[in-house]
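Structural overview for review
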Amino acid sequence: DILSFSAFVERAYDDALYSDLAADLPLLLTSAQEQALWEGIIRGSETGGVLLAVPETARLVREAWQLAQAWQLAPRLKGFPLNEDGKAFQDWAQRYEHITKRDGHTDGACLAGLVAPLFGRAQVRTPKFLVCYGFDIVTPQQSVLFARLTNAGFEVVSAGPQLRRGEALRIACKDNRDEIRHAAAWARSQLEAGEAHIGVVVPDLARHRAAITRAFSAVMAPDYALPGAAQRVLPFNVSLGLALTSYPLVNAAMLALQLAGREIDFEQASRLIRSPFLAGGEAEMSRRARLDAALRKRAEPVVTLDRLLTLMARDGAGCPILAQRLSALAEFRKTHLFGAHAPSVWAKRISEALGIAGFPGERSLDSAEYQTLKKWHELIAAFAALDRIVPRAGYTEAVSRLRRMAADTLFQPETPEVPIQILGVLEAAGMVFDRLWVMGLSDEVWPPGPRPNPFLPIEVQRAARLPQGSAAESLELARRLTKEWLSGADEVVLSYPQREDEREVKPSPLIVDIPEQPLSLP
C-alpha cells in the first residue's frame, strides 16, 4: 500500500466519515471551496475591500494558513509584534476559523491534526508497520501524527533511496537553449545504450517546460511537428502539468461560454469558429476557414454573439451547422443565462450551453483529449459543489470564477511508462536512476533564493526553520538535494549555462568542486 502523506491522511478521514464516528467529524472542504472562502473573507473585510487582486491575495493567505498549521506557528505568533500584512492575516484567519467552526467544516491544512487521534480505532485502517520514504522534511504536524501511531503501538520507520557512488561531471553550456539541446541528445544516447531509467532534473521547470518539450520531441522523433506525422508515444514524460486552460479543448469551452456572455474579442471568436471542438468542426472545416477570413474584413475588434450572427448571415451561408448551433445558443442565452443563481444551477446551465454549441465536437477524441474532457467534467462538478461557500452570482461572475478554477488546476494526461523522466527539483527527491542529468545550475538559480510568505513574520519563519523562510534554510535544503543527486545514479551530469538573458553567469557554488569536463556523445 503506497500513498502520499496527504492521501494517507485523507483515507483515514474517509474511513471515519463513513463509520459511526461521522457525527463528530466536520466536513472537509475541497481546494476550490477553501479558495472561495478565503476570497469571500478578504473581499468582505475592511482591509481587503480596497485590494484589486483578491484571488491572488487569497492564494498567498491560504498558503500562510497552511504553513501555520503544518509548522504549528500559533504559539510563536501569539503576542508577536505584527506589521500591517501580519495583522490583516490574523484578522482573516480568525474569521476563517470562526466560519469553518460555525458551519462544521475543516480543510486539508488541519486534517492531519484532526485524524491523528483516530488512528488505532477499529473504524480507521491503521498500518501495523508504516515506512516514511523520502521525507527530507518532516513538519511538526507530521511528527505529532507519527508519534501518535508509535504511542498506539504501531511501528513507524524512516527510509530513503539506496545511495549510489556514481561518477559525476560538470558541463558548461553556452546558454539555456544549448543546455537543453545537449541534455536531449544525451538522453537519446543513453536510451540507445539500453538504459531503462533516465532522469533529467530542471530547477526552473515551469519556465523552461515548453522549450524542453520541443527540444526533446525533436531529438526523439524529428518528424513530430510535420503535418500528417504519425501519432506516437514519445519516450519521455514531463512531470509538471499545465494549467487546464492551456489545453485546446478546455480553451474552446471557455471561449464558447465567453461568447454566450456579453462580448468577446474578435480574435478569440475567430479561434472558436475554427475550433474542432464545436459541432460541425470537421465537416465544415474549410468553409469555416473561409468564413473567418471574410469576417476579418467586417468584424469590429470586440463582438457580441448577436453581432457575430448578423455578420455570419452575410458571409456564413456555407456553414449551416455553425449558424444553427450559435443561433440556438443565442436563444438559450436569452432564457437561461440571466439573473443570479447558485453555482450548482450555473454548472448545469453551463453544461447545457456547451451541449447546444456541440461541445466537444463530432470527431473521436484521442487519449489525451478524452482525459482532458474527463478533467473538465470534474472541474464542473467541483464548481457545482461551491454552493456551501459561494452566494448566488450572475453569469459573468460565475464564468470568471470557473475560469480561475481552471487556471489553478494543473493537469497532465496519463501516458504509458517511459524510460526518460523530466522532473522538477521536489518531484525528483527520493528517486534513483541509472543515469541522471541536472541542468540550470548557475549561481543565480542554485541555491534558490528564500521565498518567505509575506503574511507571516520573517523572524517567525526563520525561527521555525521553514525550508524557504530564510536564506540559510534555502541553502541547507539546496545542499541536501545536491547531495542526493550525486548519490542518485551511476552517472550524474551537472550542467549550467554560461549566459542567461544576455548576462554572463557562473556555476553554482554547490557544484564548483565537481570536475568540469567536455561532454562526449556518440
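Notes on the structure follow.

Cut-off values and rules
Residues numbered from 1 in each chain as written. Predicted model: local features only at pLDDT ≥ 70, side-chain atom pairs only at ≥ 80, totals over all residues. Heavy atoms only, no water. Pairing = 2+ DSSP bridges. Helix = DSSP H or I, 4+ residues; strand = E, 2+ residues; numbered from the N terminus. Axes fitted to C-alpha atoms, helices over the stretch in contact; angles between N-to-C directions. Contact = heavy atoms within 4.5 Å. Buried < 20%, exposed > 50% of the residue type's maximum accessible area, 1.4 Å probe, protein only. Polar contact = N/O pair within 3.5 Å; in protein donor to acceptor, adjacent residues only side chain to side chain. Parallel < 35°, antiparallel > 145°, perpendicular 65-115°, else oblique. Left-handed = near helix turned anticlockwise from the far one by under 90°. Nonpolar A, V, L, I, M, F, W, Y, C, P; charged D, E, K, R; others polar. Patch = residues over 30% accessible without salt bridge, like charges linked within 9 Å, V, L, I, M, F, W, Y side chains within 5 Å. Areas by Shrake-Rupley, 256 points an atom, 1.4 Å probe, with all protein chains shown as cover. Salt bridge = Lys/Arg side-chain N within 4 Å of Asp/Glu carboxyl O. Right-handed = clockwise from strand over helix to strand, strands pointing away. 1 Å grid on protein atoms, 1.4 Å probe; cavity = no way out; pocket = protein on both sides within 12 Å on 5 of 7 lines; lining within 4 Å. Points joined across faces, edges and corners; volume = space filled by probe spheres on them. Phe/Tyr/Trp six-rings, centres within 6.5 Å; stacked < 30°, edge-to-face > 60°.

This part is about the sheet that holds strand β14 (residues 489–497). Across the sheet, six strands lie side by side as β5-β14-β13-β6-β12-β7; this open sheet has parallel pairing. Two strands in the sheet have a free side with no partner beyond their single neighbour: β5 (167–173) and β7 (236–238). Averaged over neighbouring strand pairs, the angle between their axes works out to 15° when direction is ignored. Here seven bridges tie β5 to β14, and the two strands are oriented parallel to one another. Looking at β14, one finds that arginine 170 is bridged to leucine 494. In this fold helix α9 (residues 205–220) packs onto β6 (198–201), β7 and β12 (420–423), with an angle of close to 165° to the strand it touches most, β7.

This part is about helix α6 (residues 108–115). Three or more residues of α6 are buried, namely Ala109, Leu111, Ala112 and Val115. Close packing links the buried residues of α6 with α1 (5–17), β1 (27–28), α3 (54–70), β2 (105–106) and α7 (140–151). Structurally, the start of α6 carries an N-cap: the backbone nitrogen of alanine 109 is 3.2 Å from a side-chain oxygen of aspartate 107.

The next subject is helix α11 (residues 266–273). Counting buried residues in α11 gives six out of eight residues, a clear majority hidden from the surface. Listed as buried for α11 are Phe266, Gln268, Ala269, Ser270, Leu272 and Ile273.

Okay, the packing of helix α10 (residues 248–259) against helix α17 (residues 395–408) next. A pair of packed helices can be characterised by two numbers: the angle between their axes and the separation between those axes. Axis separation between α10 and α17 bottoms out at 10 Å; the angle between their running directions is 165°. Judged by the angle between their axes, α10 and α17 are roughly antiparallel. Crossing geometry of α10 relative to α17 is assigned as left-handed. Here Met254, Leu257 and Gln258 of α10 come into contact with α17, specifically with Tyr395, Val399, Leu402 and Arg403. Considered class by class, the residues forming the contact of α10 with α17 number five nonpolar, one polar and one charged.

Taken together, Phe129, Val131 and Tyr133 make up a surface patch of nonpolar side chains, about 300 Å² in accessible area. In this fold, valine 131 is placed in strand β3 (residues 129–133).

Moving on, we come to the pairing of strand β4 (residues 155–159). Across five bridges, β3 lies against β4 in parallel orientation. When the bridges of β4 are listed, leucine 130 appears paired with valine 156. In this view, the connection linking β3 to its parallel neighbour β4 by way of α7 has right-handed handedness.

Along the chain, glutamine 35 falls in helix α2 (residues 31–43). Between the C-alpha atoms of glutamine 35 and alanine 58, which are 23 residues apart in sequence, the distance is 6.7 Å. Once residues within four sequence positions are removed from consideration, glutamine 35 is found in contact with Pro55, Ala58, Arg59 and Arg62.

We now examine the pattern of salt bridges. Where charged atoms from two side chains of opposite charge come close, those side chains can pair. Summed over the entire model, instances satisfying the criterion amount to 30 salt bridges. In this structure, aspartate 15 engages arginine 125 in a salt bridge whose closest nitrogen and oxygen atoms are separated by 3.0 Å. Placement of the pair is aspartate 15 in helix α1 and arginine 125 in the loop between α6 and β3, with a sequence separation of 110 residues. Arginine 125 gets classed as partly exposed once you look at its relative accessible area, which sits at 48%. We note a salt bridge from glutamate 444 to arginine 503, for which the minimum N-O separation is 2.4 Å. One end of the pair, glutamate 444, is in the loop between β13 (433–438) and α19 (458–464); the other, arginine 503, is in strand β16 (residues 503–504), and 59 residues separate them in sequence. Overlapping salt bridges, with partners in common, bring together Glu267, Arg274, Asp292 and Arg296 in one network.

Looking at the secondary structure, you find proline 360 in the loop between α15 (343–357) and α16 (367–384). It is 8.6 Å that separates the C-alpha atoms of proline 360 and alanine 252, two residues lying 108 residues apart in sequence. Among all residues touching proline 360, those that are not within four sequence positions of it are Leu249, Pro276, Phe277, Leu365 and Leu373.

Here the focus is the pairing of β13. Across the six residues of β13, six count as buried, placing the element largely inside the fold. Summarising the sheet, β6 and β13 pair through four bridges and their orientation is parallel. Residue glycine 199 lies in a different strand from β13, and its bridge partner there is leucine 436. Sheet topology places β13 next to β14; five bridges connect them, and they run parallel. Considered in β14, the bridge of leucine 436 is made with valine 492.

What follows covers empty space enclosed by the protein. As enumerated under the stated definition, the model contains two cavities of 30 Å³ or more in all. Quantified by volume, the largest cavity comes out at close to 90 Å³. Lining of the largest cavity is provided by Asn176, Glu179, Ile180, Val202, Pro203, Asp204, Arg207, His208, Met439, Gly440, Val445 and Glu500. Among the elements that line the lining of the largest cavity, the one with the most residues is helix α8 (residues 176–192), at three residues.

What follows is about the packing of aromatic side chains. Going through the model one piece at a time under the given rule, you end up with 14 aromatic pairs. Consider the rings of phenylalanine 5 and phenylalanine 146, whose centres lie 6.0 Å apart with planes at 80°: the pair is edge-to-face. One end of the pair, phenylalanine 5, is in helix α1; the other, phenylalanine 146, is in helix α7, with 141 residues separating them in the sequence. Note on phenylalanine 8 and phenylalanine 119: the rings are 5.2 Å apart at their centroids and 10° apart in plane angle, and the pair reads as stacked. Here the residue phenylalanine 8 occupies a position in helix α1, and phenylalanine 119 occupies one in the loop between α6 and β3, the gap between them amounting to 111 residues. Assigned by exposure class, phenylalanine 8 and phenylalanine 119 land together as buried. Put simply, the rings of Phe5, Phe135 and Phe146 touch in pairs and so form one group of aromatic residues.

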